[in-house]
Every structure is written in C-alpha cells, then in structure tokens.
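# A structural walkthrough
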Amino acid sequence: MKAMVCREYGTPEDLQLMDLPDPSPGPGEVVVGVRAAAVNFPDVLFISGGYQVKIPPPFAPGSEFAGEVLAVGDGVTYSPGARVSGSVMVGAFAEKVVLKADSLAPMPDGVDFADAAAFGVTYRTAYYALRSVAGVQRGDWVVVLGAAGGVGLAAVDLAVALGARVIAAASSAEKLALCRTRGAEATVDYDRENLRDRIKEITAGGARAVLDPVGGRYAEPALRALGRGGTFVTLGYAAGSIPSIPLNLVLLKAITVRGMEIRTFPVDRPDEAVRDNRELAQLFSSGAVRPYIGARFPLHEAGKALRHVADRKALGKVIIDVC
Ligand SMILES: NC(=O)c1ccc[n+]([C@@H]2O[C@H](COP(=O)([O-])OP(=O)(O)OC[C@H]3O[C@@H](n4cnc5c(N)ncnc54)[C@H](OP(=O)(O)O)[C@@H]3O)[C@@H](O)[C@H]2O)c1
C-alpha cells in the first residue's frame, strides 16, 4: 500500500510517498481502506518530534480517517464493505490502516467520507469541553479562540447547537466572516483589537466560558474577560507557547480553569463521555452540525496539507483524499 511516511523527525516537506507492506488484522482488529483522512494540528508536532507523546520514525502520520472495512480478525462483527470512521495515534495518511474494532464507529447514512473523517477528533474535543467541562447552557456567552481552526470551528458549530451565544476570536477578516456564517453572533480580530475590552463590551460584563485551543498571548486577555464564576478551558497551544496566568485573576472572580484532553477524558469521566458521544452522534446524523472543510489535498500532497495547517492558513478542517 502507499503511505506518506515520516522517515525521520522534520518538516512537512520531508514526508515521502512510499510503498509499505499491507497490514493484516489480528484478533479483534479491522483493516480499513482509507478513503479520506483529516489533518489535526498535532500531526505537525508528531512529525517534528515536538508532541508530548513521541512516535519513533519511520511512521505514517495521520490520526483520523473514514473508509471501508477490507478485512476483519477473529471476534469482529463488522462486515467487509461497511463504512466506518475512526481515530488512531498515527497511520491514517495511508491507503490502509489497521486498528481495534472498538476504535471504529459506523458512518451515519448520507454522510460522505470527508465529513466523517473531519468529524471525530475536533467535534469530540469541543463537545466534551462545552458540555461536560464548562457546562455551557442555552443563552450563555461563550468565547472561542482560534475560532476558524479545526477545534475552534467545531466549538462554534456545537455551541450554537447548544443555544449558546458565541464570540469568535481569530486573526483575519476572512476567518471571522466564516465564523459568522457558522453562527457566531459576534467576532473579535485578536491581532488587531483589544480582546479583553471587546469581549466585556459585547457581553456587557463578562463571558460565561472561554474555550482556548491556542494559548500564547491570547489566553490571558480572554480569561480576564470572563464574568464572575466563569470557566476557562485550556485545550492546546497552537500559538507555540504555554501561557502563565496570574492566579489572582482566578481568585478575584472565582474563576474555574480546567484542562480537557480527548484521550484521558473518557477514562477519567466515562459516564459523561458516553453521554456526550451519544448526543454528538445524534447531532451529526441529524445534520444539526457538520464540519467545515476548507481545503483538500491528494495523498501524495499530505506534506502540503500539513504545511497549510502549520502556516495558520487552514479554515476549518483540511482533508486528504486517499483513494
Ligand atoms: N485537548 C485536546 O484533546 C485536543 C484535541 C485536538 C486538538 N487539540 C489542540 O488544539 C489546538 C488546535 O488544533 P486544531 O487541529 O484545531 O488546529 P488548527 O486547525 O490549526 O487551529 C489552530 C488555530 O490556532 C491559531 N493560531 C494562533 N497562532 C498560531 C500559530 N503560531 N500557528 C498555528 N496556529 C496558530 C490559528 O488561528 P488564528 O490564525 O485565527 O489565530 C489556527 O486556526 C492544537 O494545539 C491541538 O494540539 C487539543
């Protein structure tokens, strides 16, 4: 099978299209013929060796995909041809991927491979954060940083679906216009406007929650614009630096700062994860929410797809069409 391979830690341009042996399924495993894979920011970090979990090269990056079941191991109930989506640590930028059957989800009818590939990671991240971690309710003001990115735009879509009022913060007029078409009520260009003042002005007193997948210099002004008792959810540091927050800000307004990580949340809070996954599947299959796909690349251009994300150019999700 063909795969885009990271042969040693480096840049997106260092990925190479290679022939690898076809995988075969062990007990409880499934081989999926990948039709579409989606890019996530951590893919860029994996190939540079800069992610918190290190995968020794060589490996094919890519952590989420959708496709068709090709072969199954003992004890698996999926049939060949079944349309499925799933996520892995790495390996999705390839024609075939092998994984445990319980890591797969059947694709809802009427959903195409690109949407199914784009849905899993960012929508689960955003929904756990909004629903279970921040406890967002109808009518709450929710600030989303990096709102036109993968996690960000999923958070906008889902917060709107939950009936929240969304302030989308991002770095360009084009990104903010996209957020408005996805239901954001107000927008702030955080590279040109004063983020804290604008949020306070819009909310007339402070937001109920901030979702932050960006970090860097954007986190503190957003936290300062929370209302009393508000919740700040830290999700990631796409800006490249981890902010230090003065704790007196947390004390003075009784703010809650919470972290949420998609791999550990279901382990730490299994009941809420099951409930959130069920609600999310319902929102997706009913068409109430849908990922926005801003760019598509063929498999052999997976490096360009990663570069697009690394250079802050992506709008919503970036898809790699595999077969
Ligand atoms: N906690 C979890 O479980 C979880 C799950 C998935 C992802 N994440 C994390 O969430 C973050 C976002 O992931 P994503 O897949 O949504 O990424 P993405 O689509 O690339 O979005 C990241 C956003 O960050 C902003 N940004 C600011 N400075 C940047 C810089 N120097 N380089 C790149 N982007 C910059 C960009 O928006 P502007 O240009 O508008 O500023 C961009 O849209 C990553 O740190 C990722 O590791 C966490």
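This report concerns the structure included in the present document. (Residues numbered from 1 in each chain as written. Predicted model: local features only at pLDDT ≥ 70, side-chain atom pairs only at ≥ 80, totals over all residues. Heavy atoms only, no water.)

### Here's the deal with helix H2 (residues 113-133)
Test applied: Only DSSP runs of H or I with at least four residues qualify as helices, and only runs of E with at least two residues qualify as strands; both kinds are numbered from the N terminus onward. For a helix, the expected span equals 1.5 Å multiplied by the number of residues minus one. Think of it this way: the bend at a residue is just the angle between two axes, each fitted to seven residues, one set ending at that residue and the other starting at it.
In this model H2 runs 30 Å from its N-terminal to its C-terminal C-alpha over 21 residues, within 8% of the 30 Å that 1.5 Å per residue would give. A bend of about 45 degrees at Phe119 is the largest found in H2. Just beyond H2, the residue with positive phi is Gly135, at close to 60 degrees.

### Comments concerning the packing of helix H1 (residues 41-48) against helix H10 (residues 302-310)
If you want to describe how two helices pack, look at the angle between their axes and the distance between the axes. Our working definition: Orientation is described by lines fitted to C-alpha atoms, with helices fitted over the stretch in contact, and by angles between N-to-C directions that extend from 0 to 180 degrees. Angular relationships are summarised with four words: roughly parallel below 35 degrees, roughly antiparallel beyond 145, roughly perpendicular across 65 to 115, and oblique for the angles in between. Less than a right angle of anticlockwise turn of the near helix away from the far helix marks a crossing as left-handed, whereas a clockwise turn marks it as right-handed. What makes two residues a contact is simply this: any of their non-hydrogen atoms within 4.5 Å. Residue classes follow a fixed rule: Ala, Val, Leu, Ile, Met, Phe, Trp, Tyr, Cys and Pro count as nonpolar, while Asp, Glu, Lys and Arg count as charged, and any other residue, Gly among them, counts as polar.
Remark: H1 packs on H10, axes separated minimally by 9 Å, with the N-to-C direction vectors making an angle of 110 degrees. It follows that H1 is roughly perpendicular to H10 by the angle criterion. The handedness of the crossing between H1 and H10 is left-handed. Touching Phe41, Asp43, Val44 and Ile47 of H1 are Leu306, Val309 and Ala310, all from H10. Looking at the contact of H1 with H10 residue by residue, the class counts come to six nonpolar, no polar and one charged.

### Quick word on the site of the ligand
Put simply, the test is: A cutoff of 4 Å decides nearness: a residue is near a molecule or strand if any of its heavy atoms lies inside that distance of it. Polar contact criterion, stated in full: a pair of N or O atoms within 3.5 Å, where within protein one must be able to donate a hydrogen and the other to accept it, and residues adjacent in sequence count only if both atoms are side-chain atoms. In this description, accessible areas are obtained by the Shrake-Rupley approach with a 1.4 Å probe, and a residue is regarded as covered only by the protein chains that are shown. For the domains described, the bounds stem from an automatic or database domain assignment.
Neighbouring residues of the ligand: 25 residues in total, closest Ser171, Lys175, Tyr190, Ile262 and Arg312. One of the backbone N or O atoms of Gly150 is found 2.8 Å from an oxygen atom in the ligand. Here Arg312 contributes a side-chain N or O atom positioned 2.7 Å from an oxygen atom of the ligand. Alone, the ligand offers 890 Å² of accessible surface; in the complex the protein occludes 90% of this. Among the elements of the structure, H1, H2, helix H3 (150-161) and H10 are those that each provide at least two residues to the shell around the ligand. Looking at which domains feed residues into the shell around the ligand, each of domain 1 (2-107 + 292-321) and domain 2 (122-265) supplies at least three.

### Details of unusual backbone geometry
Put simply, the rule is: Throughout, exposure labels follow a simple rule: accessible area from a 1.4 Å probe, protein chains only, divided by the maximum for the residue type, with under 20% read as buried, over 50% as exposed, and the rest as partly exposed.
A cis amide bond links Pro57 to the next residue, Pro58, at an omega of 0 degrees. Relative to the helices and strands, Pro58 resides in the loop between H1 and strand S4 (64-72). The backbone of Ala204 shows a phi angle near 50 degrees, a positive value even though the residue is not glycine. Inspection of the secondary structure assignment puts Ala204 in the loop between helix H5 (195-203) and strand S11 (207-212). Look at Arg312: it is not a glycine, yet its phi comes out positive at around 70 degrees. Topologically, Arg312 is positioned in the loop between H10 and strand S15 (317-321). Note on Arg312: relative accessible area 45%, which makes it partly exposed.

### Some remarks on the pattern of salt bridges
The following threshold applies: Salt bridges are identified by distance alone: a Lys or Arg side-chain nitrogen within 4 Å of an Asp or Glu carboxyl oxygen.
Taken as a whole, this structure holds 23 salt bridges when the rule is applied. Here Arg35 makes a salt bridge to Glu68, at a shortest N to O gap of 3.1 Å. Here the residue Arg35 occupies a position in strand S3 (residues 29-38), and Glu68 occupies one in strand S4, the gap between them amounting to 33 residues. Judged by relative accessible area, Arg35 falls into the partly exposed class, the value being 29%.

### Digging into the environment of Ala186
Along the chain, the position of Ala186 falls in strand S10 (residues 186-189). Judged by relative accessible area, Ala186 falls into the buried class, the value being 12%. Note: C-alpha distance between Ala186 and Glu220 (34 residues apart in sequence) is 20 Å. For Ala186, the contacting residues outside a window of four places in its chain are Val166, Ile167, Ala168 and Ile202.

### Description of the packing of H2 against H3
Close contact between H2 and H3 brings their axes to 8 Å; oriented N to C, the two are set at 55 degrees. Classed by the angle they form, the pair H2 and H3 counts as oblique. For the pair H2 and H3, the crossing hand works out as right-handed. Touching Thr122, Tyr123, Thr125, Ala126, Tyr127 and Leu130 of H2 are Gly150, Val151, Ala154, Ala155, Asp157, Leu158 and Ala159, all from H3. Taken together, the residues that form the contact of H2 with H3 break down as nine nonpolar, three polar and one charged.

### So, the nonpolar core
Note the following rule: Buried Ala, Val, Leu, Ile, Met, Phe, Trp, Tyr and Cys residues that are joined via side-chain atoms within 4.5 Å together make up what is termed a nonpolar core.
Leu130, Leu158, Leu211 and Val233 are the most contacted members of the largest nonpolar core, which has 52 residues in total. Elements with a contribution of two residues or more to this core: S3, H2, strand S8 (141-145), H3, strand S9 (165-170), helix H4 (173-181), S11 and helix H9 (270-285). A per-element tally of this core places H2 first, with 14 residues. Looking at which domains feed residues into this core, each of domain 1 (2-107 + 292-321) and domain 2 (122-265) gives three or more. Apart from residues lying up to four places away in sequence, Leu211 is in contact with Ala126, Ala129, Leu130, Val142, Val143, Val144, Leu145, Ala155, Val233 and Leu235. Judged by nonpolar contacts, the second largest core, of 37 residues, contains Val44, Phe65, Ala314 and Val318.

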